[in-house]
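Understanding the architecture of this molecule
Each chain, written out:
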Amino acid sequence: VQIVESGGGLVQPGGSLRLSCAASGFTFSSYGMNWFRQAPGKARELVASISSSGGSTNYADSVKGRFTISRDNSKNTAFLQMNSLKFEDTAAYYCNAWVRLVNYWGQGTQVTVSS
């Protein structure tokens, strides 16, 4: 199993970024996917989740209405569209999947919101 995130970067407050999570080594369309984030000195937190079909999504209260999780099962890729970014969204963002009772993580992509 391999999970690779991309799309992070430096953005001004109010800006947008789209993160991608490319997965391989398992039947992507059979598993839910998650995005977590971890800011310096803080615990890793769940940001958003999406079901295997994409028909069900859940969000942390802190990002509801601003972030959108989606997936393209034909491309084995999940996405996190982040709009109206705030300083407090600065963190390393990680894609995650539970596959056959094993928890897999990508290497993370850094998102920095700064003026």
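Up top you'll find the structure we're talking about.
All of the points below concern the structure found in this document. (Residues numbered from 1 in each chain as written. Predicted model: local features only at pLDDT ≥ 70, side-chain atom pairs only at ≥ 80, totals over all residues. Heavy atoms only, no water.)

1. Some remarks on the packing of aromatic side chains
In this description, a pair of aromatic rings is defined by centroid distance and the angle of the planes. The cut-off we apply is this: Two rings from Phe, Tyr or Trp (for Trp, the six-membered ring) form a pair when their centres sit within 6.5 Å of each other. Planes less than 30 degrees apart are called stacked, planes more than 60 degrees apart edge-to-face, and all others tilted. Remark: exposure states derive from per-residue accessible area (1.4 Å probe, protein chains only) relative to the maximum for the residue type, with buried under 20%, exposed over 50%, and partly exposed in between. Secondary structure elements follow DSSP: runs of H or I of four or more residues count as helices, runs of E of two or more count as strands, with numbering from the N terminus. Over a ring means this: the NZ of a Lys or the CZ of an Arg is within 6 Å of the ring centre and within 35 degrees of the ring normal.
Under the defined criterion, the tally for this structure stands at 4 aromatic pairs. Centre to centre, the rings of Phe26 and Tyr31 are 5.7 Å apart; their planes meet at 75 degrees, and the pair counts as edge-to-face. The burial state of Phe26 is the same as that of Tyr31; both residues are buried. With a centroid separation of 4.9 Å and an interplanar angle of 65 degrees, the aromatic rings of Phe36 and Trp105 are classed as edge-to-face. Residue Phe36 is located in strand S4 (residues 33–38), and its partner Trp105 is located in strand S10 (residues 102–105); the two are separated by 69 residues in the primary sequence. By relative accessible area, which is 17% here, Phe36 ends up buried. Through successive ring pairs, a cluster of aromatic residues spans Phe26, Phe28 and Tyr31. When the ring centre of Trp105 is taken as reference, the NZ or CZ atom of Arg44 above it lies at 4.6 Å. Over the face of the ring belonging to Phe28 we find Arg71, whose NZ or CZ atom lies 4.3 Å from the ring centre.

2. Some words on the side chain of Asn96
Operational definition: What qualifies as a polar contact is a pair of N or O atoms within 3.5 Å, subject to a donor-acceptor requirement within protein and to the restriction that residues adjacent in sequence count only when both atoms come from side chains. Every residue pair with non-hydrogen atoms within 4.5 Å of one another is taken to be in contact.
Here Asn96 lies in strand S9 (residues 91–99). Polar side-chain contacts of Asn96 include one of 2.7 Å to the side chain of Asn34. Excluding residues that lie within four positions of it along the chain, Asn96 makes contacts with Ile3, Gly32, Met33, Asn34, Phe36, Asn103, Tyr104 and Trp105.

3. Some thoughts on the pattern of salt bridges
Keep this limit in mind: The salt bridge criterion pairs a side-chain nitrogen of Lys or Arg with a carboxyl oxygen of Asp or Glu, the two atoms within 4 Å.
Evaluated as defined, the whole model comprises 4 salt bridges. Among the ionic pairs, Asp61 bridges to Lys64, the shortest N-O distance being 3.2 Å. By relative accessible area, which is 48% here, Lys64 ends up partly exposed. For Arg66, the salt bridge identified is with Asp89, shortest N-O distance 2.7 Å. Within this pair, whereas Arg66 is found in the loop between strand S6 (57–59) and strand S7 (67–72), its partner Asp89 is found in the loop between strand S8 (77–82) and S9, the two being separated by 23 residues in sequence. Note on accessibility: Arg66 and Asp89 belong to one class, buried. Here the salt bridges do not stand alone but share partners, grouping Arg37, Glu45, Arg66 and Asp89 into one network.

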